[in-house]
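Working through the structure, step by step
Take a look at the letters that make up each chain.
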Amino acid sequence: QVQLVESGGGLVQAGGSLRLSCTVSGSIFSVKSMGWYRQAPGKQRELVAQIGSGGRITYADSVKGRFTISRDNAKNTVALEMNSLKPEDTAVYYCNAVFRIRAATPLGDYWGQGTQVTVSS
């Protein structure tokens, strides 16, 4: 069974740094995109950063210049380096990946279980 396995997260003071990592476990055919979303209490889930086809990177305006996303295509992993963290970055962070499990199968949208990031002021 294919799963997205996340690691990282935790509690950090404002101005600190954290690193999130996500790996696609199991055999898959091809990955279209990998990225991170977050959801704060009482708010909708929002895109944080994503690496799409051809390496195109998208960041939310609120994290530009502070967060860096990277992807290892050979290992089907994606990481999010978060620097200069702010209390408003507090949320559950979810890994997302869009890929085909086998050739000629439709693209699937997969999510990790979520990892808590808490930034104290």
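Our subject is the structure listed above.
The following paragraphs examine the structure supplied in this document. (Residues numbered from 1 in each chain as written. Predicted model: local features only at pLDDT ≥ 70, side-chain atom pairs only at ≥ 80, totals over all residues. Heavy atoms only, no water.)

**Considerations on the overall build of the protein chain**
What counts here: The secondary structure listing takes helices from DSSP runs of H or I that are at least 4 residues long and strands from runs of E that are at least 2 residues long, numbered from the N terminus. As a reference, a globule follows 2.2 Å times the number of residues to the power 0.38, and the radius of gyration itself is taken over C-alpha atoms. Note on classification: 1.4 Å probe, protein chains only; a residue is buried when its accessible area is under 20% of the maximum for its type, exposed when over 50%, partly exposed between these limits. By the convention used here, residues are in contact when the closest approach between their heavy atoms is within 4.5 Å.
Looking only at helices and strands, one finds zero helices and 11 strands in the protein chain. For the protein chain, the C-alpha radius of gyration of 14 Å lies close to 14 Å, the compact-globule estimate for 121 residues. Across its three principal directions, the C-alpha atoms of the protein chain cover 50 × 25 × 25 Å. Split into buried and exposed, the 121 residues of the protein chain put 40% on the buried side. If you take every contact in the protein chain between residues at least 6 apart in sequence, the share linking residues at least 24 apart comes to 55%.

**So, the sheet that holds strand β8 (residues 77-82)**
Stated precisely, the cut-off is as follows: Two strands pair if DSSP finds at least two bridges between them. To obtain an axis, a line is fitted to C-alpha atoms, over the contacting stretch when the element is a helix, and the angle between two such axes runs from 0 to 180 degrees between their N-to-C directions.
Pairing is antiparallel in the open sheet, where four strands are placed in the order β1-β3-β8-β7. What marks the edges here is a single partner per strand, and that holds for β1 (3-8) and β7 (67-72). In this sheet, neighbouring strand axes are inclined to one another by 15° on average, regardless of whether the strands run parallel or antiparallel. In this sheet, β8 lies alongside β7 in antiparallel orientation, the contact comprising six bridges. Looking across to β8, one finds that Asp-72 is bridged to Thr-77.

**As for the pattern of salt bridges**
Put simply, the rule is: Within this document, salt bridges are pairs made up of a side-chain nitrogen of Lys or Arg and a carboxyl oxygen of Asp or Glu, the two lying within 4 Å of each other.
Considering all chains together, one arrives at five salt bridges under this definition. Residue Arg-38 is joined to Glu-46 by a salt bridge in which the shortest nitrogen-to-oxygen separation is 2.7 Å. Take Arg-38: its relative accessible area is 6%, and that puts it in the buried class. Glu-46 sits in the partly exposed class, given a relative accessible area of 35%. Put simply, Lys-64 and Asp-61 hold a salt bridge, and the shortest N to O gap is 3.0 Å. Residue Lys-64 is classed as partly exposed on the basis of its relative accessible area of 49%. Relative accessible area serves as the criterion here: at 64%, Asp-61 is assigned to the exposed category. Taken together, the salt bridges that share partners define one network made up of Arg-38, Glu-46, Arg-66 and Asp-89.

Remember that the coordinates give geometry; whether it matters functionally is a separate question.
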